[in-house]
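# Structure assessment
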Amino acid sequence: MPLVLLPPLGLIIFSLYLWPLKGDPLAWLNGQSLGGRSLAWPLPMLKAYWENIINFGNLWSIHLEELAALFFVIVLLPTITKLNKGFGVFTLLSILPPLFTNTLTSFPRFVLIIIPAFLVIGLIKNRWAYWSYIIVCLPWLIWGIINFVTWQWAG
């Protein structure tokens, strides 16, 4: 059996397990609404996030962080694909599911598992590009650490 079939097979087995237990084989999907997520097209959500950032709405800093994580992956995607087509497909498949929910909550955390993106950063030979990346990301890292240790962000 090709290894690529193992994740879908695992999902099918889990759904069959949930069916008699919960009466709903898609309880893992339907439960997303409890967290405020639902299936939605990404463009209206991205537009709303952008408007919130521009207008300094209540969640502008959180939305800026989430869009920055998305931008990070999209900018690196062509380089990742040139490095290895499989890495490109993995990266694209990693960002699509959260994009089709009505929120990017925790999207920065989802980006952390996209290993090919970080491989590309390690391959940057241009010192200017490398240090630009560090200078842009360091303040966000410090901001995230401060929010985490002051219990303003936990996840």
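Just so we're clear, the structure is a prediction, and the values are computed from it rather than from any experiment. (Residues numbered from 1 in each chain as written. Predicted model: local features only at pLDDT ≥ 70, side-chain atom pairs only at ≥ 80, totals over all residues. Heavy atoms only, no water.)

### Topic: helix α3 (residues 42-54)
Residues lying three or four places apart along an α-helix face the same way, a consequence of the helix completing one turn every 3.6 residues. The criterion, for reference: Numbering of helices and strands runs from the N terminus, with a helix taken as a DSSP run of H or I at least four residues long and a strand as a DSSP run of E at least two residues long. Helix span is expected to be 1.5 Å times the residue number reduced by one. Summary of the burial criterion: residues with accessible area below 20% of their type's maximum are buried, those above 50% are exposed, and those between are partly exposed, where the area comes from a 1.4 Å probe applied to protein chains only. In this description, the arc belongs to the directions extending from the helix axis to the C-beta atoms.
Under the 1.5 Å per step criterion, the end-to-end length of α3 is 18 Å for 13 residues, consistent within 8% with the ideal 18 Å. Buried residues of α3: P42, M45, Y49, N52 and I53, and no others. Within α3, the buried residues cover an arc of 100 degrees as seen down the axis, which keeps them to one side. Exposed residues on α3 whose side chains face more than 90 degrees from its buried face are L43, P44, K47 and W50.

### Focus: the environment of L26
For L26, the location among the structural elements is in the loop between α1 (6-22) and α2 (27-30). Using a relative accessible area of 38% as the deciding quantity, one classes L26 as partly exposed. Sequence separation between L26 and L104 is 78 residues, and the spatial gap between their C-alpha atoms is 22 Å.

### Quick word on the confidence of the model for the protein
Which entries qualify depends on this criterion: pLDDT measures the predictor's confidence residue by residue and takes values from 0 up to 100.
Per-chain confidence: the protein averages 82 in pLDDT, with 97% of residues scoring 70 or above. Ranking the helices and strands of the protein by mean pLDDT puts α1 first, with 91, and helix α8 (residues 127-149) last, with 78.

### So, the side chain of T103
The condition is simple: The definition of a polar contact used here is a pair of N or O atoms within 3.5 Å, where within protein one atom must be able to donate a hydrogen and the other to accept one, and adjacent residues in sequence count solely through side-chain atom pairs. Contact definition: two residues touch when any of their heavy atoms are within 4.5 Å.
Along the chain, T103 turns up in the loop between α5 (85-99) and α6 (107-111). Its relative accessible area of 13% is what places T103 among the buried residues. A distance of 3.2 Å separates polar atoms of two side chains, one belonging to T103 and the other to Y49. With near-sequence residues (within four places) excluded, T103 lies in contact with G36, R37, M45, Y49 and P98.

### Here's the deal with unusual backbone geometry
For F56, which is not glycine, the phi dihedral falls at a positive 50 degrees. On the secondary structure map, F56 appears in the loop between α3 and α4 (60-83).

### Overview of the packing of aromatic side chains
To keep things clear, this is the line we draw: Planes of paired rings set the category: under 30 degrees apart is stacked, over 60 is edge-to-face and the rest tilted, where pairs are Phe, Tyr or Trp rings (Trp by its six-membered ring) whose centres lie within 6.5 Å.
For the coordinates displayed, the defined rule picks out three aromatic pairs. The interplanar angle of 70 degrees and the centroid separation of 5.7 Å between the aromatic rings of W41 and F100 together place this pair among those described as edge-to-face. In this pair, W41 is assigned in the loop between α2 and α3 and F100 in the loop between α5 and α6, connecting sequence segments 59 residues apart. Ring geometry for F56 against W60: centres 5.1 Å apart, planes inclined by 80 degrees, an arrangement best described as edge-to-face. W60 sits in the partly exposed class, given a relative accessible area of 33%.

### Observations regarding the nonpolar core
We apply this condition: Working definition of a nonpolar core: buried Ala, Val, Leu, Ile, Met, Phe, Trp, Tyr and Cys residues. They are joined through side-chain atoms within 4.5 Å.
The biggest cluster of nonpolar side chains holds 19 residues, and the ones touching the most others in it are F72, L76, L104 and F107. Of all the secondary-structure elements, those providing two or more residues to this core are α3, α4, α5, α6 and α7 (115-122). Element by element, the count of residues in this core is highest for α4, at seven residues. Residue contacts for F107: discarding those within four places in its chain leaves E66, A69, L70, I95 and P98.

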